[in-house]
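Observations on chain architecture
One letter stands for each residue in the lines below.
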Amino acid sequence: MEAADYEVLSVREQLFHERVRECIISTLLFATLYILCHITLTHFKKPAEFTTVDDEDATVNKIALELCTFTLAVALGAVLLLPFSIISNEVLLSLPRNYYIQWLNGSLIHGLWNLVFLFSNLSLIFLMPFAYFFTESEGFAGSRKGVLGRVYETVVMLMLLTLLVLGMVWVASAIVDNNKTSRESLYDFWEYYLPYLYSCISFLGVLLLLVCTPLGLARMFSVTGKLLVKPRVLEDLEEQLYCSAFEEAALTRRICNPTSCWLPLDMELLHRQVLALQTQRVLLEKRWKASAWQRNLGYPLAMLCLLLLTGLSVLIVAIHILELLIDEAAMPRGMQDASLGQVSFSKLGSFGAVIQVVLIFYLMVSSIVGFYSSPLFRGLRPRWHDTAMTQIIGNCVCLLVLSSALPVFSRTLGLTRFDLLGDFGRFNWLGNFYIVFLYNAIFAGLTTLCLVKTFTAAVRAELIRAFGLDRLPLPVSGFPRASRKTQHQ
């Protein structure tokens with residue numbers, strides 16, 4: 001063989017080894033996420049649904065739980081996608097010739113983006129509907145009972161749903177873009193239909209983030225205040241301990257002497273209330289025993305960090321709005337070739353990249369807090385060892401919609417200059433200036449409004465509690481007037 005043939009073979013062998021290495025790394029990363037999500041769902045699932053007398057229902061729930069675990073792992077991967085890409089770029093910039101990070105390259109990052117996009121489509125369009133119909137199915141009438149009969153019914157229902165969604169997307173495409181070419185392109189299932197459908201779902205996810213994130217940013221202050229120990233000026237833990245002990249004693253006395261009350265008592269409800277009070281009392285005791293440093297320094301620093309991160313997010317979005325009016329390059333766009341390690345995506349270098357990653361995670365956590373705090377989705381909130389299987393499926397779908405829209409959300413707001421890779425950058429609405437500009441303006445306005453309203457209301461309420469004005473019989477804003485019966489007591 002000639003030297004040229006040996007060179008071609010060596011190049012092919014090198015490409016083969018690179019592809020194998022990327023597959024191994026992707027598999028290890030996904031396996032890690034899958035194990036973490038499986039542990040998480042195990043702590044939230046209802047054990048009674050997996051230890052039933054009917055082995056068929058238990059088997060169906062186990063299969064549905066594995067599908068939910070896969071979906072939640074994909075959602076977690078979508079959250080980590082953009083931060084991992086930003087950090088990888090900075091690492092390659094700092095250590096361009098390091099032997100131990102040769103595996104970290106643009107091909108690996110681009111492959112991860114494509115895998116997350118593919119698995120998101122697979123989970124949202126096939127796996128989660130299959131899991132829901134599978135748990136609700138009973139088999140066709142007259143067929144043999146068993147898991148296989150449920151599978152047949154689920155497959156038929158899924159095919160009917162696919163035809164329905166296909167028709168709805170085709171009609172929506174005809175209404176939005178009345179073009180024969182665009183309608184005919186939907187017949188290409190893999191190249192056009194699935195990306196177009198995912199584009200619609202991603203647009204809904206971005207709109208959901210637009211509503212939930214400002215609400216979550218405002219709620220983060222109250223949630224953090226419940227988790228941390230406040231200074232004694234702002235919180236009287238001793239009084240709360242006394243009240244909790246008195247309520248627990250009263251309920252225990254009512255359980256021990258049920259005949260003393262002429263009304264019928266729900267003993268199961270009373271036992272649950274006692275357990276809840278005992279858990280609350282244990283948490284209050286732990287907070288009461290907290291050190292002075294944790295009490296007087298931890299809470300103010302946490303509030304200051306939240307205020308700083310929220311203000312920085314609004315400032316970056318405001319600067320991005322001005323850039324949209326001046327520079328066309330500020331518009332979000334896709335990138336087909338991931339050329340990493342050439343230039344930093346932040347003007348502040350590695351420090352700016354770290355700030356971008358922190359802000360992305362902070363906004364994602366805030367959007368989840370706002371999602372579960374909204375009145376529409378409050379009932380979907382999972383409970384520890386008491387979450388039904390259908391509720392787990394709903395949570396996985398919502399979290400996947402939110403997380404898969406996070407890269408588009410972050411790039412649209414200008415939180416990072418890292419362009420969207422793969423099919424994430426093929427969304428048609430990303431090139432519309434009016435949609436992007438209006439989205440940024442609404443986010444900045446809603447976040448500022450929620451922050452000012454919540455922060456001023458929280459400060460006012462804490463000052464009223466600190467000075468004891470909530471115990472006065474006077475009508476105070478934010479507190480109900482005490483009844484005459486309570487005043488006499």
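Definitions and limits used
- Residues numbered from 1 in each chain as written.
- Predicted model: local features only at pLDDT ≥ 70, side-chain atom pairs only at ≥ 80, totals over all residues.
- Heavy atoms only, no water.
- UniProt positions renumbered as here; feature names shortened; annotations may be inferred.
- Helix = DSSP H or I, 4+ residues; strand = E, 2+ residues; numbered from the N terminus.
- Buried < 20%, exposed > 50% of the residue type's maximum accessible area, 1.4 Å probe, protein only.
- Contact = heavy atoms within 4.5 Å.
- Phe/Tyr/Trp six-rings, centres within 6.5 Å; stacked < 30°, edge-to-face > 60°.
- pLDDT = per-residue confidence, 0-100.
- Salt bridge = Lys/Arg side-chain N within 4 Å of Asp/Glu carboxyl O.
- Patch = residues over 30% accessible without salt bridge, like charges linked within 9 Å, V, L, I, M, F, W, Y side chains within 5 Å.
- Areas by Shrake-Rupley, 256 points an atom, 1.4 Å probe, with all protein chains shown as cover.
- Lys, Arg positive; Asp, Glu negative; His and termini not counted.
- Charge placed at Lys NZ, Arg CZ, Asp CG, Glu CD.
- Axes fitted to C-alpha atoms, helices over the stretch in contact; angles between N-to-C directions.
- Parallel < 35°, antiparallel > 145°, perpendicular 65-115°, else oblique.
- Nonpolar A, V, L, I, M, F, W, Y, C, P; charged D, E, K, R; others polar.
- Expected span 1.5 Å × (residues − 1).
- Bend = angle between axes of the 7 residues up to and from the residue.
- Core = buried A, V, L, I, M, F, W, Y, C linked by side-chain atoms within 4.5 Å.
- Left-handed = near helix turned anticlockwise from the far one by under 90°.

The chain carries the name Limb development membrane protein 1 like in an unreviewed UniProt entry, which gives Myotis myotis as its organism. In its Sequence similarities (unreviewed entry) section, the UniProt entry covering the chain states "Belongs to the LIMR family."

In terms of helices and strands, the chain carries 14 helices and 2 strands. Sorting the 489 residues of the chain into buried and exposed places 41% on the buried side. A separation threshold of at least 6 residues defines the contact pool for the chain, and within that pool the share at least 24 residues apart is 78%.

A separate point is the packing of aromatic side chains. Pairs of aromatic rings are described using the distance from one ring centre to the other and the angle between the two planes. Taken as a whole and judged by the stated rule, the model has 13 aromatic pairs. A ring pair is formed by Phe 130 and Phe 134, whose centres lie 5.4 Å apart and whose planes are at 20°; its orientation type is stacked. On the criterion of helical spacing, the pair formed by Phe 130 and Phe 134 is a turn pair, its members being 4 residues apart in helix 3 (residues 106-136). On the accessibility criterion, Phe 130 (18% relative accessible area) is buried. A relative accessible area of 1% places Phe 134 in the buried class.

With that settled, consider the confidence of the model for the chain. For the chain, the average pLDDT comes to 77, and 72% of its residues sit at 70 or higher. pLDDT under 50 marks residues 474-489. Its contacts with residues more than four places away, or in other chains, come to 11 contacts.

A word on the pattern of salt bridges. When their charged atoms lie close together, side chains carrying opposite charge are able to pair. Following the criterion strictly, the structure yields 3 salt bridges and no others. Taken together, the salt bridges that share partners define one network made up of Lys 46, Arg 383 and Asp 386.

Before going further, it helps to spend a moment on the environment of Met 157. If you trace the backbone, Met 157 turns up in helix 4 (residues 147-176). Residues Met 157 and Phe 134, 23 residues apart in the sequence, show an inter-C-alpha distance of 9.5 Å.

Moving on, we get to a positive patch on the surface. Side chains of Arg 219, Lys 226, Arg 378 and Arg 381 sit close together on the surface and give a patch of like positive charge. By the element assignment, Arg 378 lies in the loop between helix 10 (350-373) and helix 11 (389-404). Look at Arg 378 and you get partly exposed, because its relative accessible area is 44%.

At a closest axis distance of 10 Å, the pairing of helix 2 (residues 55-94) and helix 10 adopts a crossing angle of 170°. When the interaxial angle is binned, helix 2 and helix 10 end up roughly antiparallel. Only Ser 350, Ala 353, Gln 356, Val 357, Ile 360, Phe 361 and Met 364 of helix 10 make contact with helix 2, whose side of the interface consists of Val 79, Leu 80, Leu 82, Pro 83, Ile 86, Ile 87, Glu 90 and Ser 94. Here the residues of the contact of helix 2 with helix 10 are counted per class, giving 11 nonpolar, 3 polar and 1 charged.

Okay, a nonpolar patch on the surface next. Together, Phe 140, Leu 148, Tyr 152, Val 156, Met 157, Leu 160, Leu 163 and Leu 166 give the surface a local cluster of nonpolar side chains, amounting to about 750 Å² of exposed area. Considering the arrangement of structural elements, one finds Val 156 in helix 4. Judged by relative accessible area, which is 35%, Val 156 ranks as partly exposed.

So, on to helix 3. With 31 residues, helix 3 ought to run about 45 Å at 1.5 Å a step, and its terminal C-alpha atoms sit 43 Å apart, in line with that. The sharpest bend along helix 3 reaches about 45° and sits at Ser 123.

Counting 89 residues, the largest nonpolar core has Cys 68, Trp 113, Met 389, Phe 409, Phe 418, Phe 424 and Phe 443 as the members making the most contacts within it. Top element by residues in this core is helix 2. It accounts for 16 residues. Among all residues touching Phe 409, those that are not within four sequence positions of it are Leu 209, Thr 213, Leu 363, Tyr 439 and Phe 443.

Attention now moves to the environment of Phe 140. Its location among the elements puts Phe 140 in the loop between helix 3 and helix 4. A relative accessible area of 39% means that Phe 140 is categorised as partly exposed. Taking the C-alpha atoms as reference points, Phe 140 and Thr 154, 14 residues apart in sequence, are found 9.9 Å from one another. Leaving out residues up to four positions away in the same chain, Phe 140 has contacts with Tyr 152, Glu 153 and Val 156.

To continue, consider the side chain of Ser 410. Tracing the backbone shows Ser 410 in helix 12 (residues 406-412). Setting aside its immediate chain neighbours within four residues, Ser 410 contacts Leu 82, Ile 360, Leu 415 and Thr 416.

The topology assignment puts Cys 200 in helix 6 (residues 189-227). Along the chain, Cys 200 and Val 169 lie 31 residues apart, while their C-alpha atoms are 8.9 Å from each other.

What follows is about the packing of helix 2 against helix 11. Running from amino to carboxyl end, helix 2 crosses helix 11 at an angle of 20°, the nearest separation of the two axes being 8 Å. Regarding the angle of helix 2 to helix 11, the classification is roughly parallel. In this structure, the crossing between helix 2 and helix 11 has a hand that is left-handed. On helix 11, the residues touching Asn 61, Ala 64, Leu 65, Cys 68, Thr 71, Leu 72, Val 74, Ala 75, Ala 78 and Val 79 of helix 2 are Met 389, Ile 392, Ile 393, Cys 396, Leu 399, Leu 400, Ser 403 and Ser 404. Residues of the contact of helix 2 with helix 11, tallied by class, amount to 14 nonpolar, 4 polar and no charged.

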